[in-house]
Amino acid sequence: MYNSIVLVKQVPDTANISGQVMKEDGTVNRAKLPAIFNPEDKVALELALRVKDKFGGTVTAITMGPPRASDVLRECLYMGADMAYLITDRKFAGADTLATSYVLSEAIKKINHKYHFVFAGRQAIDGDTAQVGPQTAEKLGIPQITYAEEIIEIKDNKVRIKRKIEGGYEILESTLPVLITVIKETAIPRPFSAKRTMTYKGAKSLPELEKVAESSSLFYIDQLVNEYKSRSLLIPTLTADDLEVDVQRCGIKGSPTKVYNVESVTLSSGITMDVENTKVGMGKLIDELIKDHILG
Amino acid sequence: MSMNNFSNEVWVFVEQRNGKPAEVSFELLCKGRKLANRMNGKLKSVVIGNAVEQIAVETFSFGADESYLIEHPDLTHYRTLPYSRILIELVEKHQPRVVLFGATIIGRDLAPRVASHTRSGLTADCTDLQISDVNYLGKEHKNLLLQIRPAFGGNIIATIITPDAPVQMATVREGVMEMHASPSVNSIKITRIPYTPNETDNLVKLIEQHREESTVNLKTAPIIIAGGYGLGSKENFKLIYELARVIGGEVAGSRAAVDAGYVPPERQVGQTGVTVRPKLYFAIGISGAIQHLAGMQEAKKIVAINTDPDAPIFEVSHYRIVGDAMDVIPKFIEAYKSKLK
């Protein structure tokens, strides 16, 4: 039996950006963007589920984010995660990778001491930094294997991993526990299970239930929480107080990197010449490039 | 002006694979030299490996004032735990003002681990670095590293600073910084740091490694034919290879084309790929996100082909052809062949 934690993130769909999404302070107005499950994190979940399928154990998904990130946790449940935790607090807002990895590592320690694997995507599509995985491993004091392509073997307290390197691959053997980051080629995430989707589509996190209670005089929050809990539909939610974290190390306060300046850039070549889309037009272009000693 | 006791040293982690230095490390030394000069500080290289003294010596040709050399048979190949422990101990002891890493697979594995332990700011994939005094939220900060990179969606360039951290770290992709061996070599000062393996260093063992030197060298190619997602399929992308063959260029792709599997990742041009400065750059079916432009805007001549007359790529191009690549490229090839008859 091996227990896995999977770090997941809800990200703005950077392939589909439109309108004004930047706030004046240079941070992203995520509320204005369609949000998706970070693709490589989904691959990480798939790998954790494969470990569970083969050896038994549990799979626990964790995300740090605003309440709407509950969406990706529900998707984790649809795919097969046993548990999904929302780590949310206004004090966590504006976190860079250092502050994020601090909170995630504290959450992992709180939720499950007895994990063998922490899986994560190599990087999130909204920042491409690839820093949160290694920084979380460092804070947990465990080894890391990044750019994993394949789990070759798991035996006793050791795992063999094939990882990508420039121009090839290498095979590493690590003692457990270990944090592994995966790339999109590592595995194809399984589709949502229809049965699990039916079961968990009504699952809700605490802030979501609070919203329901606020918008209706019929429900009291305690009552709602108890009801969802009894039906196993409560997505556990942990705040800064629950995690007993040092708030100086969280969110914007705990982030050494600051956005100093943001500018929209207009690049220009100076003069752009139109080339007619005909063979004659191409001929003129080629003549000019040859004359300038660029071609030929 | 707030006073601080921050150092004014710039360090570059010099990466080696099978005993060969990575070119990006020398590029960073050249940039690091300029940054150190701005602070009247020293530039130091950190070289880790086995029998790699020659690499340490070579860093002096790219501006290093001093080299920290850590050699041991256990350090022959990069492994996260011993390499990060060595760097963490060195950074904690000397508190350099700036530490630069190549944004390679090794750099992206190592830098965050070191930054995490030392609680340093770290910015990935910078496209420019500068040193400047900065007034941030009403407070003066001396010698801040301006970490400049395209951000979010690509419509903007963000300048990141780490005003309160004593150590400022950044990673940079290959080709972004220009490399020149310096004409005058400073006196060579190599400081050997002893390495004593400890138990945790060996929690991860290297079992085997296969590496082939890449045959692709976009950085030195005088002509580059780059295709984008607009090509629509891997099949259509073959026309890019055909054009490259006819006029004698290297094939490249945008990130979207790489993500779609049209072209392998080692041929990616842009912020998260390679930065190139060829004589001639064809951008075909590439819309022109800032991340792509960051990697090719210094080409001497840019020819863009796109169906969308308002594509941003036309803003930086010298020649603009509005049309479908599948129609334009064959015409171009035909015209080229008839010219050279």
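Anything mentioned here points back to the structure above.
## Observations regarding the overall build of chain B
Summing up its helical and strand segments, chain B has 9 helices and 18 strands in all. Over its C-alpha atoms chain B spans a radius of gyration of 22 Å, differing by no more than 12% from the 20 Å that the globule rule assigns to 341 residues. Counting over 341 residues, chain B shows a buried share of 58%. Long-range pairs, those at least 24 residues apart, make up 64% of the contacts in chain B between residues at least 6 apart in sequence. When the accessible surface of chain B is split by element, carbon and sulfur atoms take 48% of a total near 13500 Å². Across chain B, 38 positive and 37 negative side-chain charges occur, with their mean positions spaced 3 Å apart.

## Things to note about the overall build of chain A
Looking only at helices and strands, chain A features 9 helices and 15 strands. With the C-alpha coordinates aligned to their principal axes, the bounding extent of chain A is approximately 80 × 55 × 40 Å. Considering chain A as a whole, with its 296 residues, one finds that 51% of them fall into the buried category. Sequence separation of at least 24 residues holds for 72% of the intrachain contacts in chain A that already meet a minimum separation of 6. In the form shown here, chain A has an accessible surface area of approximately 13800 Å², with 51% of it arising from carbon and sulfur atoms. Taking the average location of the 38 positive side-chain charges in chain A and that of its 39 negative ones, the two points are 5 Å from each other.

## Focus: the sheet that holds strand β18 (residues 319–322) of chain B
Here we have 6 strands laid out as an open sheet, ordered β15(A)-β18(B)-β17(B)-β16(B)-β14(B)-β15(B), and parallel in their pairing. At either margin of the open sheet sits one strand with a lone partner, and together these are β15 (273–274) of chain A together with β15 (250–253) of chain B. Sheet topology note: the strand β14 (residues 223–227) of chain B/β15(B) ladder contains 4 bridges and is parallel. Looking at β15(B), one finds that G227(B) is bridged to G253(B). Across the sheet, helix α9 (residues 279–291) of chain A is in contact with β15 of chain A together with β16 (280–284), β17 (301–306) and β18 of chain B; its angle to β18(B) comes to roughly 160 degrees.

## As for the pairing of strand β8 (residues 158–165) of chain A
Residues and elements named next belong to chain A. Here β8 shows one buried face, formed by V159, I161, R163 and I165, and one open face, formed by K158, R160, K162 and K164. Both strand β7 (residues 144–155) and β8 contribute to a ladder of 6 bridges, which runs antiparallel. Its bridge partner being in β8, A148 is matched across the sheet by R163. The antiparallel pairing of β7 with β8 creates a hairpin that spans 2 residues between the two strands, and D156 there sits at a positive phi of about 50 degrees. Two elements, β8 and strand β9 (residues 168–175), share 8 bridges in a ladder whose sense is antiparallel.

## Considering the environment of I161(A)
Examined against the element boundaries, I161(A) turns out to sit in strand β8. Non-local contacts of I161(A), meaning those with residues more than four positions away in its chain, are made with I145(A), A148(A), E150(A), I151(A), I152(A), E170(A), I171(A), L172(A) and I180(A).

## A closer look at the sheet that holds strand β8 (residues 128–136) of chain B
Here we have 4 strands laid out as an open sheet, ordered β14(A)-β10(B)-β9(B)-β8(B), and antiparallel in their pairing. Each edge of the open sheet is held by one strand with a lone partner, namely β14 (258–264) of chain A together with β8 of chain B. Neighbouring strand axes in the sheet, compared pairwise and without regard to direction, differ in orientation by 35 degrees on average. Direction of pairing for β14(A) relative to strand β10 (residues 156–161) of chain B: antiparallel, over a ladder of 6 bridges. Note on β10(B): the bridge partner recorded for V262(A) is A158(B).

## Observations concerning the interface of chain B and chain A
How big an interface is tends to be reported as the loss of accessible area on association of its parts. The interface is formed by 78 residues belonging to chain B together with 75 residues belonging to chain A. Taken together, the two surfaces of chain B and chain A that pack against each other cover about 6900 Å², and 58% of this comes from carbon and sulfur. At the surface where chain B touches chain A, the tally comes to 7 salt bridges. Scanning the region where chain B abuts chain A turns up 39 residue pairs in polar contact (both at pLDDT 80 or more). Counting residues per element, the side of chain B that touches chain A draws most heavily on helix α9 (residues 325–339) of chain B, at 9 residues.

## So, the packing of aromatic side chains
In the structure shown here, the tally under the stated rule is 13 aromatic pairs over all chains. Summarising the aromatic geometry, the rings of F237(B) and Y262(B) are spaced 6.1 Å apart at their centres and angled 45 degrees between planes, so their arrangement reads as tilted. With F237(B) in helix α5 (residues 234–247) and Y262(B) in the loop between α6 (255–259) and β16, the pair connects residues that are 25 residues apart, well separated along the chain. The class for F237(B) is buried, based on a relative accessible area of 1%. Assessed through its relative accessible area of 9%, Y262(B) is described here as buried. Feature note: the residues Y2(A), F55(A), F117(A) and F119(A) constitute an aromatic cluster, connected by ring pairs. The cationic tip of K162(A) hangs over the ring face of Y169(A); the distance from NZ or CZ to the ring centre is 4.6 Å. Sitting over the face of the ring of Y228(A), R231(A) holds its NZ or CZ atom 5.5 Å from the ring centroid.

## What to know about the packing of helix α3 (residues 97–111) of chain A against helix α4 (residues 132–140) of chain A
All names here are of chain A. In the contact formed by α3 and α4, the axes pass within 8 Å of each other and the chain directions differ by 50 degrees. As far as their axial angle goes, α4 and α3 are oblique. Note on packing geometry: the crossing formed by α3 with α4 is right-handed. The residues of α4 that touch α3, namely those facing T97, L98, T100, S101, Y102, L104, S105, I108 and K109, are V132, Q135, T136, K139 and L140. Per-class residue counts for the contact of α3 with α4 are 6 nonpolar, 6 polar and 2 charged.

## A look at the packing of helix α3 (residues 80–94) of chain B against helix α4 (residues 105–118) of chain B
All names here are of chain B. The geometry of α3 relative to α4 is characterised by a closest axis approach of 9 Å and an angle of 45 degrees between their N-to-C directions. In terms of their interaxial angle, α3 and α4 are classed as oblique. Along this stretch, α3 crosses α4, giving a crossing that reads as right-handed. On α4, the residues that touch T80, L81, Y83, S84, L87, I88, V91 and E92 of α3 are D109, L110, R113, V114, H117 and T118. Taken together, the residues of the contact of α3 with α4 break down into 7 nonpolar, 4 polar and 3 charged.

Each value, and the rule that gives it
Residues numbered from 1 in each chain as written. Chains lettered and ligands numbered in written order. Predicted model: local features only at pLDDT ≥ 70, side-chain atom pairs only at ≥ 80, totals over all residues. Heavy atoms only, no water. Helix = DSSP H or I, 4+ residues; strand = E, 2+ residues; numbered from the N terminus. Rg over C-alpha atoms; globule rule 2.2 N^0.38 Å. Buried < 20%, exposed > 50% of the residue type's maximum accessible area, 1.4 Å probe, protein only. Contact = heavy atoms within 4.5 Å. Areas by Shrake-Rupley, 256 points an atom, 1.4 Å probe, with all protein chains shown as cover. Lys, Arg positive; Asp, Glu negative; His and termini not counted. Charge placed at Lys NZ, Arg CZ, Asp CG, Glu CD. Pairing = 2+ DSSP bridges. Axes fitted to C-alpha atoms, helices over the stretch in contact; angles between N-to-C directions. Buried area = accessible area lost by both parts, 1.4 Å probe. Salt bridge = Lys/Arg side-chain N within 4 Å of Asp/Glu carboxyl O. Polar contact = N/O pair within 3.5 Å; in protein donor to acceptor, adjacent residues only side chain to side chain. Phe/Tyr/Trp six-rings, centres within 6.5 Å; stacked < 30°, edge-to-face > 60°. Lys NZ or Arg CZ within 6 Å of the ring centre and 35° of its normal. Parallel < 35°, antiparallel > 145°, perpendicular 65-115°, else oblique. Left-handed = near helix turned anticlockwise from the far one by under 90°. Nonpolar A, V, L, I, M, F, W, Y, C, P; charged D, E, K, R; others polar.

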